[in-house]
Amino acid sequence: MPLSPPDPLPNSDLSHWMLSPGQVYLNHGSFGARPRAIHAIQDDIRVGNEASPIDALVDQMIEALPAVKSSIGAFIGADPDGIGMVQNASEAINSVVRSIEFEPDDEIVATTHGYNAVLQLLRYVCHRTGALLREVPVELPAHDAGDTVDSVLQAINERTRLVLIDHVTSPTALHIDVTSIVQHCRQRGIDVLVDGAHAPGMLELDVAALGPTWYVGNLHKWVCAPIGAGFLWTDESHRDRVHPAIISHGYLDGYAAEFDWQGTRDMSAWRAVPAVIDWMEARWGWSAIRAHNHALACWAHVHLVEAWGRDPLTPLSGELLGSMAALRLPEGPFETHFDDHLALQRHLRHEHGIEVPVMDWGDGWLIRVSAQLYNRPEDYVALAHAVKSIAESL
Ligand SMILES: Cc1ncc(COP(=O)(O)O)c(C=O)c1O
């Protein structure tokens, strides 16, 4: 169990980030946040786009994309030819799921910890095709990695056409052992999509060794790239079967051509990615960033569990955590006092200067804290006090 928080990395405090000072920002997980230097990288690209739109958006973009994909490929351990650029994880997952021709007897397996927008997409596809969505409950508290794996594997049967599993779950911040699930699916010839929206920059990735059919990632969360940088990696055997959610000029010209152009859009985030990955490596180093954030999340988890006197949802060792942790609120009539969980989230923002997501998790509300380089132990201490003082005032 971690007893003390990690030392901050040099030159990492809030003044180096675009976040406004004076707020306690514990929600890196939702949309990321960017250092000032990264904002400047994208600004330069945007200025170039406006100076000469045809050259910048067509010729320069065509020239830049191989380097963008090589940089991402090296970062996630995957073949760059399998990378299709998208704006976000939602777009990537839409591309895959809407490319599959589901039959009425087919089944899709996902968990109840899946991201709501993704589960909505699966419901939509099932509604249109008659396929069945099996939403596998994963019990909380989770005691070890095997809990989730067993629940998912038990839901797979001969009708399963697709397994969609999160690498790190959004509402509950569980780092799932996707390796065992992927291996099992591949042995049975079942396609498996790993939703790694939170994973790049949080976990060390080796997508080739993992070997899923598809791996989806966001770079605007934990890589701190500009908003609008996501990717879909597809195994070679499936590249001619998946099309982007937006069909454009490149239709049937191959995976790369189909994803490279999806209509006029701001692609400055994509173009910034190689410089962002290199800048973060040169400034702090990716393994140091991951190690710091994990250690801080583990420390914050223990601190909040102790401060609020609730049983943890995951082991205090932090073995199921990446750079986020989800917890139950302390005892208190939160749910009768506030209209809904978002009202408490807004109250924390406006009355206490703390930005942190509050989730409605069926049998109670959860708070999910993130740990990024700009966070300090006192941020979590402030959250612990604020939530306790709210509870006492109700
Ligand atoms: C697990 C997971 N999947 C998918 C998404 C969707 O990401 P985006 O909104 O960037 O499409 C998120 C967003 O937080 C997520 O946490």
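Source: prediction; values computed, not measured.

*Asks:* Even after reading the chapter, I still don't get helix H11 (residues 286–308), so can you show me in this structure?
*Replies:* What sets the pattern is the α-helix's 3.6 residues per turn: residues three or four places apart point alike. For H11, with 23 residues, the first-to-last C-alpha span of 33 Å sits near the 33 Å given by 1.5 Å per residue. Of the residues trailing H11, Gly309 is marked for its positive phi of about 65 degrees.

*Asks:* Could you clarify how one ought to interpret the site of the ligand in this entry?
*Replies:* Lining the immediate environment of the ligand, one finds 13 residues, of which Ser90, Asp195, His198, Asn218 and Lys221 sit closest. Contact distances for the ligand include 3.4 Å between an oxygen atom and a backbone N or O atom of Ala89. Contact between the ligand and His198: an oxygen atom at 3.0 Å from a side-chain N or O atom of the residue. The fraction of the free accessible surface of the ligand (390 Å²) that becomes covered by protein chains is 90%. A breakdown of the residues in the shell around the ligand according to their chemical character gives four nonpolar, six polar and three charged.

*Asks:* I keep staring at the nonpolar core and nothing clicks. Help me out?
*Replies:* Nonpolar side chains in soluble globular proteins tend to end up buried together. Of all hydrophobic cores here, the largest spans 74 residues; its most connected members are Ile72, Ile76, Val163, Tyr215 and Phe231. When residues in this core are grouped by element, the largest group, seven residues, is from helix H10 (residues 268–283). Apart from the residues within four sequence positions on either side, Ile76 is in contact with Ile83, Leu205, Asp206, Val207 and Phe231. Among the nonpolar cores identified, the runner-up in size contains 31 residues, and Leu26, Phe338, Ala386 and Val387 belong to it.

*Asks:* Explain the environment of Ile246 here, please?
*Replies:* Its location among the elements puts Ile246 in the loop between strand E8 (230–234) and helix H9 (255–260). We classify Ile246 as partly exposed; its relative accessible area is 40%. C-alpha of Ile246 to C-alpha of Val86: the two residues are 160 residues apart in sequence and 10.0 Å apart in space. Discounting chain neighbours no more than four positions away, the residues touching Ile246 are Gln262 and Arg265.

*Asks:* Help me understand the sheet that holds strand E4 (residues 132–136), please; the structure alone is not making it clear to me.
*Replies:* Hydrogen bonds between backbone atoms are what pair the strands of a sheet, whose relative direction is either parallel or antiparallel. Overall, mixed pairing links the seven strands, which are arranged E2-E8-E7-E6-E5-E3-E4 in an open sheet. Here the strands that pair on one side only, and so sit at the sheet edges, are strand E2 (83–86) and E4. In this sheet, adjacent strand axes meet at a mean angle of 20 degrees when their direction is disregarded. In this structure, strand E5 (residues 160–166) lies alongside strand E6 (residues 191–196), joined through five bridges in parallel fashion. Along E6, the bridge assignment pairs Ile165 with Val194.

What counts and what doesn't
- Residues numbered from 1 in each chain as written.
- Predicted model: local features only at pLDDT ≥ 70, side-chain atom pairs only at ≥ 80, totals over all residues.
- Heavy atoms only, no water.
- Helix = DSSP H or I, 4+ residues; strand = E, 2+ residues; numbered from the N terminus.
- Expected span 1.5 Å × (residues − 1).
- Near = heavy atom within 4 Å.
- Polar contact = N/O pair within 3.5 Å; in protein donor to acceptor, adjacent residues only side chain to side chain.
- Areas by Shrake-Rupley, 256 points an atom, 1.4 Å probe, with all protein chains shown as cover.
- Nonpolar A, V, L, I, M, F, W, Y, C, P; charged D, E, K, R; others polar.
- Core = buried A, V, L, I, M, F, W, Y, C linked by side-chain atoms within 4.5 Å.
- Buried < 20%, exposed > 50% of the residue type's maximum accessible area, 1.4 Å probe, protein only.
- Contact = heavy atoms within 4.5 Å.
- Pairing = 2+ DSSP bridges.
- Axes fitted to C-alpha atoms, helices over the stretch in contact; angles between N-to-C directions.

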